[in-house]
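These are the residues of each chain, in order.
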Amino acid sequence: LWLVFIWTNSMQSGDTSSGISTPFAKNLLALLGLGEESLPNIHRFVRKAVHFSEYFTLSTLLCFSFYFTFCKKKEAEGGGFKERRLYMPVLALPCSSLAAFIDEGIQLFSADRCGSLADVLLDSSGALLAMCIFVSISAVRLKISRKRKR
């Protein structure tokens, strides 16, 4: 469902997309006490932050999905696959990056929009951060559970 949300936003025209993000940029502008001349920069920041956070969220959802699909089930069956949870994000990152690539391809066919390899890299970096956080938390939890067993 999250991909439907992302890709539906990509199908919007440039004017529609800008109409959604401009009010957020104006609110941020007022919050920071900056003048109207800063609006284009703030607007760009807001749009890029949304890109980053969409794929951060997608990667997080994929990490948990892969964990509960492949690891938790095996643990419940007595398979002892706790170490595997550290590898699940390895699957989430290429899936998220592929989704970002497709997302930018969709934008090539949307009015007043253009696909950008830089946006694919930005989206992938959001996914990478989510992956790093997931691995870090999983590693700490694994270490704690091993200490409790001793």
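A short tour of the structure in this document, coming up. (Residues numbered from 1 in each chain as written. Predicted model: local features only at pLDDT ≥ 70, side-chain atom pairs only at ≥ 80, totals over all residues. Heavy atoms only, no water.)

With that settled, the discussion passes to the pattern of salt bridges. Note that side chains of opposite charge can pair when their charged atoms are close. The final tally for this structure, using the stated rule, is one salt bridge. With its nearest N and O atoms 2.5 Å apart, the salt bridge here joins Asp119 to Lys48. Of the two residues, Asp119 sits in helix H5 (residues 117-149) while Lys48 sits in helix H3 (residues 39-76), which places them 71 residues apart along the sequence. Here Asp119 falls in the buried class, since its relative accessible area comes to 7%. Since its relative accessible area comes to 23%, Lys48 is described here as partly exposed. (Salt bridge = Lys/Arg side-chain N within 4 Å of Asp/Glu carboxyl O. Helix = DSSP H or I, 4+ residues; strand = E, 2+ residues; numbered from the N terminus. Buried < 20%, exposed > 50% of the residue type's maximum accessible area, 1.4 Å probe, protein only.)

Moving on, we come to the layout of surface pockets. For the largest pocket, the calculated volume is near 510 Å³. Around the largest pocket, the lining comprises 23 residues; the ones closest to its centre are Ser17, Arg47, Val50, His51 and Arg113. Only helix H1 (2-10), helix H2 (14-32), H3 and helix H4 (88-108) provide two or more residues apiece to the lining of the largest pocket. Among the elements that line the lining of the largest pocket, the one with the most residues is H3, at seven residues. Residue classes in the lining of the largest pocket are distributed as seven nonpolar, eight polar and eight charged. Counted as a void, the second largest pocket has a volume near 180 Å³. As for the second largest pocket, its lining consists of twelve residues, and the residues nearest its centre are Phe64, Phe134, Ile137, Ser138 and Arg141. (1 Å grid on protein atoms, 1.4 Å probe; cavity = no way out; pocket = protein on both sides within 12 Å on 5 of 7 lines; lining within 4 Å. Points joined across faces, edges and corners; volume = space filled by probe spheres on them. Nonpolar A, V, L, I, M, F, W, Y, C, P; charged D, E, K, R; others polar.)

Now for a nonpolar patch on the surface. A cluster of nonpolar side chains, contributed by Leu31, Leu32 and Leu34, occupies part of the molecular surface with about 320 Å² of accessible area. Within the secondary structure, Leu31 sits in helix H2. Judged by relative accessible area, which is 69%, Leu31 ranks as exposed. (Patch = residues over 30% accessible without salt bridge, like charges linked within 9 Å, V, L, I, M, F, W, Y side chains within 5 Å. Areas by Shrake-Rupley, 256 points an atom, 1.4 Å probe, with all protein chains shown as cover.)

By themselves, these are just geometric observations and shouldn't be taken as functional.
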